[in-house]
Amino acid sequence: MKHRIVISNEDVMFSMNGNAFNGRVVGLLMKDNRVLLAKNKGDKHWTLPGGKIRHFEVSSDSVVREFEEEIGGKFVAKKLLTVIENFYVHNTEKWHQIIFVYEMEDIVKVPLFKGSKKILDADGVYRWFELNELNDYDVQPEVLRTLISNVPRHLVHKVNYDM
C-alpha cells in the first residue's frame, strides 16, 4: 500500500491518506457587546480570526502574529481561554485539529465598523457581529458560539465532533 504524506515546512500540520492534523490559534476580540469574526473566501461559516501555528512558535505568539497579519495593528494575547479538539471533514479529508483560543486585546484599537473588511494577508473578510445576532449565522466550530456568549474564567477543554 502506497502512503501519501504531506508535512508543512512552516506550519504545524500533516496529511496522510485522507487524514489530516494541524495546530491552530484563534483570538476572541470583543467590545461593546460585539465580537470580531472572520470568513475565508468560499466558506459558508464564520469563525474567530486566527490561523496555523508555525513550527517551534509559542501559541500565544502565533495568535498575535495572525491578528497583526490579517487585521493590522498591535495586539496582545491576554489569556488562554479554551483548548478545543476539533474533528471534522473538509473536502473529503478527515481533520483532527487542536485549537488554542485566546482572549485578545487590541493595543492600537480596531474601530467598530459596519460591513466587512478584507483580510490583509488572505482571501477572506472579517466583521463585527452583535452578540445577540450570532444565532442567525453559522459559526464554526459550533462550540465557539457558547464560548463567545459565556467567556470562561478558567481554562476549559472542549471537544467538537462534526464527522
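Up top you'll find the structure we're talking about.
Remember, it's a predicted structure, so these values are computed and weren't measured experimentally.

Asker: In this structure, what is going on with the overall build of the protein chain? I would like to understand it.
Answerer: The helix and strand inventory of the protein chain stands at 2 helices and 11 strands. Its C-alpha atoms give the protein chain a radius of gyration of 16 Å, near enough to 15 Å, the size a compact globule of 163 residues would have. In terms of principal-axis extent, the alpha carbons of the protein chain reach across some 55 × 35 × 30 Å. Looking at the protein chain residue by residue over its 163 residues, the buried ones come to 44%. Once local pairs closer than 6 in sequence are excluded, the contacts in the protein chain between residues at least 24 apart make up 63%. Per element, the accessible surface of the protein chain, about 9400 Å² overall, is 52% carbon and sulfur. In the protein chain, 23 positive and 23 negative side-chain charges are present, and the distance between their average locations comes to 2 Å.

Asker: Hey, could you run me through the environment of Arg153 in this one?
Answerer: Checked against the element boundaries, Arg153 lands in the loop between α2 (143-149) and β11 (156-162). Along the chain, Arg153 and Thr92 lie 61 residues apart, while their C-alpha atoms are 37 Å from each other.

Asker: Can you help me understand the pattern of salt bridges in this one?
Answerer: As a working rule, side chains carrying opposite charge can pair if their charged atoms are close by. Evaluation of the coordinates by the stated rule reveals 12 salt bridges. For Asp106, the salt bridge is made with Lys109, and the minimal N-O distance between the two is 3.8 Å. Accessibility expressed as a relative area gives 4% for Asp106, which makes it buried. Judged by its relative accessible area of 54%, Lys109 falls in the exposed class. A salt bridge links Glu133 to Arg127; its shortest N-O distance comes to 3.7 Å. Across the pair, exposure class does not vary: Glu133 and Arg127 are buried alike. Members of the salt-bridge network, linked through shared partners, are Glu10, Arg54, Glu57, Arg65, Glu66 and Glu69.

Asker: Explain the packing of aromatic side chains here, please?
Answerer: In this description, an aromatic ring pair is defined by two values, namely the gap between the centres and the angle between the planes. Under the definition given, this model contains 7 aromatic pairs. A centroid spacing of 6.2 Å and a plane angle of 10 degrees characterise the contact between Tyr88 and Trp95, whose relative ring orientation is stacked. You'll find Tyr88 and Trp95 in the same group, each marked buried. Feature note: the residues Trp46, Phe129 and Tyr137 constitute an aromatic cluster, connected by ring pairs. When the ring centre of Phe113 is taken as origin, the NZ or CZ atom of Lys117, which lies over that ring, is 4.7 Å away. Just above the ring of Phe129 sits the side chain of Arg127; from NZ or CZ to the centre is 3.9 Å.

Asker: Explain helix α1 (residues 59-70) here, please?
Answerer: Because an α-helix completes one turn every 3.6 residues, residues spaced three or four positions apart along the sequence face the same direction. Across its 12 residues, α1 extends 16 Å between first and last C-alpha, which sits within 8% of the 16 Å expected from 1.5 Å per residue. Within α1, burial applies to Ser59, Ser62, Val63, Val64, Arg65, Glu66, Phe67 and Glu70. A positive phi of about 90 degrees marks Gly72, the residue just after α1.

Asker: Just to check I follow, could you spell out unusual backbone geometry for this structure?
Answerer: For residues besides glycine, phi is generally negative; the peptide bonds are generally trans as well. In this structure, the amide linkage connecting Gln140 to the following residue, Pro141, adopts the cis form with an omega of -10 degrees. Mapped onto the elements of the fold, Pro141 is located in the loop between β10 (124-130) and α2. For Thr92, which is not glycine, the phi dihedral falls at a positive 70 degrees.

Asker: Is there a simple way to explain the sheet that holds strand β9 (residues 117-118) in this structure?
Answerer: Taking strand neighbours across the sheet as the criterion, the 4 strands line up as β4-β5-β10-β9 in an open arrangement whose pairing is antiparallel. Each edge of the open sheet is held by one strand with a lone partner, namely β4 (30-31) and β9.

Analysis parameters
Residues numbered from 1 in each chain as written. Predicted model: local features only at pLDDT ≥ 70, side-chain atom pairs only at ≥ 80, totals over all residues. Heavy atoms only, no water. Helix = DSSP H or I, 4+ residues; strand = E, 2+ residues; numbered from the N terminus. Rg over C-alpha atoms; globule rule 2.2 N^0.38 Å. Buried < 20%, exposed > 50% of the residue type's maximum accessible area, 1.4 Å probe, protein only. Contact = heavy atoms within 4.5 Å. Areas by Shrake-Rupley, 256 points an atom, 1.4 Å probe, with all protein chains shown as cover. Lys, Arg positive; Asp, Glu negative; His and termini not counted. Charge placed at Lys NZ, Arg CZ, Asp CG, Glu CD. Salt bridge = Lys/Arg side-chain N within 4 Å of Asp/Glu carboxyl O. Phe/Tyr/Trp six-rings, centres within 6.5 Å; stacked < 30°, edge-to-face > 60°. Lys NZ or Arg CZ within 6 Å of the ring centre and 35° of its normal. Expected span 1.5 Å × (residues − 1). Pairing = 2+ DSSP bridges.

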